[in-house]
Amino acid sequence: MAKKKAVKKKAAKKKVAKKKTAKKKVAKKKVAKKKTAKKKVAKKKVAKKKTAKKKAKKKRTPNAAFMRPMTVTDALAKIVGSKPLPRTQVTKKLWQYIKKNKLQDKVNRRMINADANLKKVLKKAKVSMFEMTKLVSKHLS
C-alpha cells in the first residue's frame, strides 16, 4: 500500500507541475440564482368613472337688442343705405365702405381717415376704429 501512495503522490506532483506550465484560465464562477417566491399581487379594483351625459348644444340665440332694426340718419344713409338695419349690419356695411374706399390709415391700421361722407357722420378727419362705433351709435335710433 505504501507503494501505491508513493506512486499517487508522484503522479499528483506531475499533474501540479503540468498545471504550472499551462496557461491559467480564469474560470467564471457560476452564481446560483436565488429562487425567490413570487409574491401574489392583489389586483386593485378601479372604480368606473361616471360618464356625464352631454347635452345637445343649442344654437346661440343672438341678443334681441343687437338684432332689432334701427332707423338710420340721412348722413349715415349715404354710406350704409336708407333701410332700417340692426347695429351689427350697420357696422359691417361701414367696414365694407371703409375698405372699398381704402380709408384705413396705411401706417396705423387702427385709424380711419374720414372722407367727405364719413366726416358728416364722425365729425372728425381721423378716428380710431374703437371710437368709430361710439360715434356711429348717435346716428341710430
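I will try to describe carefully the structure that is included in this document. (Residues numbered from 1 in each chain as written. Predicted model: local features only at pLDDT ≥ 70, side-chain atom pairs only at ≥ 80, totals over all residues. Heavy atoms only, no water.)

1. Quick notes on unusual backbone geometry
Piece 1. Phi is positive for Lys102, which is not a glycine, with a value near 50°.
Piece 2. Here Lys102 lies in the loop between helix H4 (87–100) and strand E1 (111–113).
Piece 3. If you check the backbone angles, Lys123 has positive phi at about 65° while not being a glycine.
Piece 4. Along the chain, Lys123 turns up in the loop between helix H5 (116–122) and strand E2 (126–128). (Helix = DSSP H or I, 4+ residues; strand = E, 2+ residues; numbered from the N terminus.)

2. Some remarks on the pattern of salt bridges
Piece 1. Summed over the entire model, instances satisfying the criterion amount to two salt bridges.
Piece 2. A salt bridge links Asp105 to Lys126; the nearest nitrogen and oxygen atoms lie 4.0 Å apart. A residue pair is termed long-range when its members are at least 10 positions apart, and Asp105 in the loop between H4 and E1 and Lys126 in strand E2 qualify at 21 residues.
Piece 3. Glu131 is the salt-bridge partner of Lys124, the closest N and O atoms lying 2.5 Å from each other.
Piece 4. Classification of Glu131 as partly exposed rests on a relative accessible area of 24%. (Salt bridge = Lys/Arg side-chain N within 4 Å of Asp/Glu carboxyl O. Buried < 20%, exposed > 50% of the residue type's maximum accessible area, 1.4 Å probe, protein only.)

3. Comments concerning the side chain of Ser128
Piece 1. Mapped onto the elements, Ser128 comes out in strand E2.
Piece 2. Judged by relative accessible area, which is 18%, Ser128 ranks as buried.
Piece 3. Excluding its chain neighbours within four sequence positions, the residues that come into contact with Ser128 are Arg110, Met111 and Ile112. (Contact = heavy atoms within 4.5 Å.)

4. Considering a positive patch on the surface
Piece 1. Taken together, the side chains of Lys99, Lys102, Lys106 and Arg109 present a region of like positive charge at the surface.
Piece 2. Relative to the helices and strands, Arg109 is located in the loop between H4 and E1.
Piece 3. Assessed through its relative accessible area of 47%, Arg109 is described here as partly exposed. (Patch = residues over 30% accessible without salt bridge, like charges linked within 9 Å, V, L, I, M, F, W, Y side chains within 5 Å. Areas by Shrake-Rupley, 256 points an atom, 1.4 Å probe, with all protein chains shown as cover. Lys, Arg positive; Asp, Glu negative; His and termini not counted. Charge placed at Lys NZ, Arg CZ, Asp CG, Glu CD.)

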